[in-house]
Amino acid sequence: MPRLRLHNNHTRKSEDFVPLDPSHVRMYVCGPTVYDRAHIGNARAEVVFDVLARLLRALYPRVTYVRNITDVDDKINKRAADEGRSIGEVTATTLANFHADMAAMGSIPPDVEPRATEHIGEMISLIEKLIASGNAYPAEGHVLFSVGSFADYGKLSGRSPDDLLAGARVDVAPYKRDAGDFVLWKPSSPDLPGWDSPWGRGRPGWHIECSAMSWRYLGESFDIHGGGDDLLFPHHENELAQSVCAFPGSQFARVWVHNGMLTINGQKMSKSLGNFLTVQQVLAMAPAEAARMLLLRAQYSQTLDFSEAALGECKRDLDRFYRALERTPAEPAANVPISVMDALCDDLNTPLAFSAMHALADAAMAGNAEAASGLLAAGHLLGLLMHSPADWFRGGDDSAEIDALVQARIDARKARDFKGADAIRAQLDARGIQLEDGPTGTIWRRS
């Protein structure tokens, strides 16, 4: 079995992955803040870390994958106020939509999905530790982390103190000892969510939430921390600082893995540009597996461009794989072919893995049953090829109607009504339905 290598953003090097406990790999990934429908850029992170979790499970006997839900946040409060809905209604609806979208994208749920509002006690406990150690201080109902108390602050993101201050969009407040200090706890007015604490009724800052939930389920030190590269600073920098200060001698996360951002037609995705696409909108454009394949088309750490043309190319690639499996039916192999495993173990090199799958498809088209089995196993590891070829090519709510039209064409040909048969074929062609007449009858597939 090949050894997994990952690019560790903490060391800025590609390294052999050596888990703290080879019998139990532990990974934490920052999940959604549930105030709005997931967009296709959000889905990239979920799909990338779903593949990493699948790969880890193929390599190690036990994996615990934790992905949090941020359900207390000022963005949620604003959305509820703007729409005249309760905070609970906003978070419940958004979370249900998120789960539905990720299931449609083929992602397996994480082993643990903690909600921030259910772990306030752990957050208060961490904040108390940081105050006791001199790394945090209370001020006017707030508690702030003292950035100057942690000598290694900035090393994860590779930023200088001046860069850190410029990039933090810091809130210059009179109760701060230093402009770069960040909030661990803040007071809540009566109309906002709040919990009793030693510093008064309030709510947590964003960064302390992930430190508390990763500690609760994975311990003081664990193997992998993941998320989008837009979280590297300040979120992940702050998580690391507060966690290692709360638990001196701990590593927090050994390996930091970040996926790159997604652009649309070469432009940054933005509502103001009118190119903001939700997962729901993308799934109306193409099958979910095509969207998933597109999100894996570039190596995870690189910027990925989304376009309808690229989505169509992924659909055609999947058509080719499914045709190979249709030509040579197979069950998935017990082991994923080494060509695919080598690619994925090389820092999740999914483009190389797809290249290896095309070679397997070539062999399967020629009748090689072993290649077909390997292709299917490789697809399943990537969350692809989960349909039968018949369902892929013929599935849909209108399948019964299409079957009836195909039969009507067959009947017309038997009656030598070739004009009627040609008209039905043209009608089906206009709907993207391709017919193949063969010695065993007529089959149809979607183009």
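Just above sits the structure.
Quantities reported herein were computed from a predicted structural model and do not represent experimental measurements. (Residues numbered from 1 in each chain as written. Predicted model: local features only at pLDDT ≥ 70, side-chain atom pairs only at ≥ 80, totals over all residues. Heavy atoms only, no water.)

> Which parts of the structure should I look at to understand the overall build of the chain?
Looking only at helices and strands, the chain features 16 helices and 15 strands. C-alpha extents for the chain along the principal axes are approximately 90 × 55 × 35 Å. When burial is assessed residue by residue, the chain has 52% of its 447 residues classed as buried. Long-range pairs, those at least 24 residues apart, make up 74% of the contacts in the chain between residues at least 6 apart in sequence. About 19,700 Å² of surface is accessible on the chain, with carbon and sulfur atoms providing 50% of the total. Positive and negative side-chain charges in the chain, numbering 46 and 58 respectively, have mean positions lying 3 Å apart. (Helix = DSSP H or I, 4+ residues; strand = E, 2+ residues; numbered from the N terminus. Buried < 20%, exposed > 50% of the residue type's maximum accessible area, 1.4 Å probe, protein only. Contact = heavy atoms within 4.5 Å. Areas by Shrake-Rupley, 256 points an atom, 1.4 Å probe, with all protein chains shown as cover. Lys, Arg positive; Asp, Glu negative; His and termini not counted. Charge placed at Lys NZ, Arg CZ, Asp CG, Glu CD.)

> Explain the pattern of salt bridges to me, please; I cannot follow it from the model alone.
If charged atoms from side chains of opposite charge come close, those side chains can pair. Taken as a whole, this structure holds 24 salt bridges when the rule is applied. Taking the shortest distance from any N to any O, the salt bridge between Arg37 and Asp101 comes out at 3.0 Å. You can see Arg37 sitting in the loop between strand 3 (25-29) and helix 1 (40-59) and its partner Asp101 sitting in helix 3 (residues 87-104), a full 64 residues away along the chain. What makes Arg37 partly exposed here is its relative accessible area of 22%. Judged by relative accessible area, which is 4%, Asp101 ranks as buried. For Lys155, the salt bridge goes to Asp152, with nearest N and O atoms at 3.0 Å. Relative accessible area serves as the criterion here: at 36%, Asp152 is assigned to the partly exposed category. A single salt-bridge network, built from bridges that share partners, covers Asp36, Arg79, Glu83, Arg85 and Glu89. (Salt bridge = Lys/Arg side-chain N within 4 Å of Asp/Glu carboxyl O.)

> Explain the nonpolar core to me, please; I cannot follow it from the model alone.
Generally speaking, soluble globular proteins have nonpolar side chains that are buried together. Counting 82 residues, the largest nonpolar core has Leu56 and Leu385 as its most contacted members. Once residues lying within four places of it in the same chain are set aside, the contact partners of Leu56 are Leu4, Phe17, Val25, Met27, Val63 and Ile224. Counting residues in each nonpolar core, the second largest holds 40 residues, with Ala136, Phe182, Trp199 and Ala241 among its members. (Core = buried A, V, L, I, M, F, W, Y, C linked by side-chain atoms within 4.5 Å.)

> Looking at this model, I keep getting lost on helix 7 (residues 232-246). Mind explaining?
A turn of α-helix holds 3.6 residues, and therefore any two residues three or four places apart point the same way. Under the 1.5 Å per step criterion, the end-to-end length of helix 7 is 20 Å for 15 residues, consistent within 8% with the ideal 21 Å. Burial analysis of helix 7 places 14 of its 15 residues in the buried class, the great majority of the element. (Expected span 1.5 Å × (residues − 1).)

> For this particular structure, what's the right way to read the sheet that holds strand 13 (residues 304-306)?
Picture the strands of a sheet paired through backbone hydrogen bonds; they go either parallel or antiparallel. One open sheet accounts for three strands, arranged 12-11-13; its pairing is mixed. Each end of this open sheet is capped by a strand with a single partner; those strands are strand 12 (267-268) and strand 13. Sheet analysis places strand 11 (residues 262-264) next to strand 12, joined by two bridges and oriented antiparallel. Among the inter-strand pairings, Thr263 is bridged to a residue of strand 12, identified as Lys268. (Pairing = 2+ DSSP bridges.)

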